[in-house]
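Geometric and topological summary
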Amino acid sequence: MTTGETIGFLGIGIMGSHMARRLAEAGHRVVAWNRTRSKAERLIEFGVRIADTAADAARGATTVVVMLGSGPNCEEVLLGGGVLDALAPGARVVVMSSIPVATAEHLAREAEARGLAFLDAPVSGGERGAAAGTLTVMAGGRPEVFEAVRPIFAAFGRATLIGPAGTGELAKLVNQMLVGSTIAAVAEGLVLAERGGADPAKVREALLGGFADSTILRQHGERMVTNDWKPGAMSTVQLKDTSTALAQARGLDLDLPLISLVDGLYGDLVAHGDGALDHAALIREIRRRNRLPVDRETVDPKAPKP
């Protein structure tokens, strides 16, 4: 039995696949599209129909949810791919991708010019949060549109309306700045512990529950001590977001030295071939800078530094 809501879902990636599944399990009729069709076809067992084009997924939908990889991708698919033109007036467009603020504002204007409602609503929580329905949703747009989309957001996690269109993306940039900077701090701390002769896993364990505790220390600190680089969020995506945050800061005449350093670290990590790894793999770049083996199990803390 369905709720009567027909949802087009564009972008079946690491997080999008879980989000589309959760919508189907919540009783919505979901029509999914992905550039690589095979990635979307795994949703068929959950009752999701697969469309041949993005515009086909949008046709007849009351809401289209977008989880594409970048701002240019969103503009290409929504505008060049005919998605906005395929929707009936009154339909809702919810862009949950992490994109520049200016792109979100542009898409909002294009949607509203066609009689469509728009929200930018990026998320935080990674693959674990997408799978469990515990994502944080940061939305920008009109309050009445946000209220209408609440039943959809309920399948994903906790949603907050920040302000007008674009402010959801602005909040996500702040989120990514904090995530990237904290990953860097945890990575440096664990390398210091390891090099000083302490077991970094025990140091992490000791810090849990104290002032230094965080979701980053719990989840990504664990990845760092076990060398688990399966991506919940890829390092290339983290670099995209920190670079977008810096561009936003420059446009506001802000000098943000910490995130500039973090962006440089992620740039080097990606340049060294680790872009497809989880963003917790930043510790590999800290180890490289100190001429240490990139994987923890190969490091003897008492061995002389090369």
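Notes on the structure follow. (Residues numbered from 1 in each chain as written. Predicted model: local features only at pLDDT ≥ 70, side-chain atom pairs only at ≥ 80, totals over all residues. Heavy atoms only, no water.)

Some points on the overall build of the chain
Stated formally: Only runs of H or I of at least four residues qualify as helices and only runs of E of at least two qualify as strands under DSSP, and these elements are numbered from the N terminus. Just to be clear, the radius of gyration here is over C-alpha atoms, and the globule rule we use is 2.2 Å times residues to the power 0.38. Classification of residues uses two cut-offs on accessible area relative to the type maximum, computed with a 1.4 Å probe and protein chains only: under 20% is buried, over 50% is exposed, and between them is partly exposed. When checking whether two residues touch, look at their non-hydrogen atoms; a contact exists if any pair is within 4.5 Å. Using a 1.4 Å probe, the Shrake-Rupley method yields the accessible areas, and only the shown protein chains count as cover for residues. The convention is simple: Lys and Arg are positive, Asp and Glu are negative, and His and the chain ends are not counted. Working definition for charges: the position is that of NZ of Lys, CZ of Arg, CG of Asp or CD of Glu.
Within the chain, the secondary structure is distributed over 14 helices and nine strands. Computed over its C-alpha atoms, the radius of gyration of the chain comes to 21 Å, within 12% of the 19 Å expected for a compact globule of 306 residues. Expressed as a percentage of the 306 residues in the chain, the buried residues total 50%. In the chain, 65% of the contacts between residues at least 6 apart in sequence involve partners at least 24 apart. With the model as given, the accessible surface of the chain reaches about 13,500 Å², and the carbon-plus-sulfur share is 56%. Both charge centroids of the chain, one from 33 positive and one from 35 negative side chains, sit 3 Å from each other.

A word on unusual backbone geometry
Residues other than glycine seldom take positive phi values, yet Asn227 does so here, at roughly 55 degrees. Considering the arrangement of structural elements, one finds Asn227 in the loop between helix H11 (215–226) and helix H12 (235–251). With phi around 60 degrees, Asp253 is a residue other than glycine that occupies positive phi space.

Side note on the pattern of salt bridges
Heads up, the rule is: We count a salt bridge whenever a side-chain nitrogen from Lys or Arg sits within 4 Å of a carboxyl oxygen from Asp or Glu.
Counted according to the given criterion, the structure contains 22 salt bridges. A salt bridge links Arg92 to Glu5; its shortest N-O distance comes to 2.9 Å. With Arg92 in strand E5 (residues 92–95) and Glu5 in the segment before strand E1 (6–10), this pair connects stretches of sequence that are 87 residues apart. For the pair formed by Arg92 and Glu5, the shared burial category is buried.

Quick notes on the layout of surface pockets
Going by this rule: Method remark: on a 1 Å grid restricted to protein atoms, a set of points is classed as a cavity if a 1.4 Å probe fits but cannot get out and as a pocket if it is open with protein on both sides within 12 Å along at least five of seven lines; lining residues have an atom within 4 Å of a point. Grid points are joined across faces, edges and corners, and a volume is the space filled by probe spheres set on the points.
Considered as a void within the structure, the second largest pocket measures approximately 160 Å³ in volume. If you go around the second largest pocket, the residues you meet are Thr182, Ala185, Val186, Gly189, Leu190, Val203, Leu207, Ala212, Ser214 and Leu217. When residues of the lining of the second largest pocket are traced back to their parent elements, those giving at least two are helix H9 (167–195) and helix H10 (200–207). No other element matches H9, which puts five residues into the lining of the second largest pocket.

Remarks on the side chain of Ser98
To be explicit about the condition: Definition of a polar contact: a pair of N or O atoms within 3.5 Å, with one able to donate and the other able to accept a hydrogen when the atoms are protein atoms, and with sequence-neighbouring residues admitted only if both atoms are side-chain atoms.
Mapped onto the elements, Ser98 comes out in the loop between E5 and helix H6 (101–113). Here the side chain of Ser98 touches Lys172 through a polar contact of 2.6 Å, side chain to side chain. What Ser98 contacts, discounting residues up to four positions off in sequence, is Pro122, Glu169, Lys172, Lys240 and Asp241.

Description of the nonpolar core
Short version of the rule: In this text, buried Ala, Val, Leu, Ile, Met, Phe, Trp, Tyr and Cys residues form a nonpolar core when linked through side-chain atoms within 4.5 Å.
Phe9, Met19, Leu23, Met96, Val137, Phe153 and Phe156 are the most contacted members of the largest nonpolar core, which totals 34 residues. Contributing elements (two or more residues each) for this core: E1, helix H1 (16–25), strand E2 (29–33), strand E6 (117–120), strand E8 (135–141) and helix H8 (143–153). Counting residues per element, this core draws most heavily on H8, at five residues. The contact partners of Leu23, leaving out residues within four places of it in the chain, are Ile7, Phe9, His28, Val30, Ile152, Ala155 and Phe156.

Thoughts on empty space enclosed by the protein
Stated formally: Polar here means any residue other than Ala, Val, Leu, Ile, Met, Phe, Trp, Tyr, Cys and Pro, which are nonpolar, and Asp, Glu, Lys and Arg, which are charged; Gly is therefore polar.
Enumeration according to the criterion identifies one cavity of 30 Å³ or more in this entry. Here the largest cavity is characterised by a volume of approximately 40 Å³. Only H9 and H12 provide two or more residues apiece to the lining of the largest cavity. Of the residues forming the lining of the largest cavity, the biggest block, four residues, is contributed by H9. Its residues assigned to classes, the lining of the largest cavity shows two nonpolar, three polar and three charged.

A look at the packing of H9 against H11
Worth spelling out the cut-off: Inter-axis angles, ranging from 0 to 180 degrees, are taken between N-to-C directions of lines fitted to C-alpha atoms, where helices are fitted over the stretch in contact. Note on terminology: angles under 35 degrees are roughly parallel, angles over 145 are roughly antiparallel, angles of 65 to 115 are roughly perpendicular, and the others are oblique. Put simply, a crossing is left-handed when the front helix is turned counterclockwise from the back one by less than a right angle, and right-handed when it is turned clockwise.
Look at H9 against H11: their axes get within 10 Å of each other, and the N-to-C directions meet at 50 degrees. With respect to H11, the axis of H9 lies oblique. Crossing of H9 against H11: the hand is right-handed. In this structure, H9 contributes Val179, Thr182, Ile183, Val186, Ala187 and Leu190 to the contact, and H11 contributes Ile216, Leu217, His220, Gly221, Met224 and Val225.

Section: the side chain of Glu194
Its location among the elements puts Glu194 in helix H9. For Glu194, the side chain forms a polar contact with the side chain of Arg287, separated by 3.4 Å.

Notes on helix H14 (residues 282–289)
Buried residues dominate H14, accounting for six of its eight residues. Taken together, the buried positions of H14 are occupied by Leu282, Ile283, Arg284, Glu285, Ile286 and Arg287. The inward-facing, buried residues of H14 abut H9, H11 and helix H13 (257–274). Immediately downstream of H14, the backbone of Arg291 shows phi near 55 degrees, a positive value.

None of the figures reported here should be taken as evidence of function without further support.
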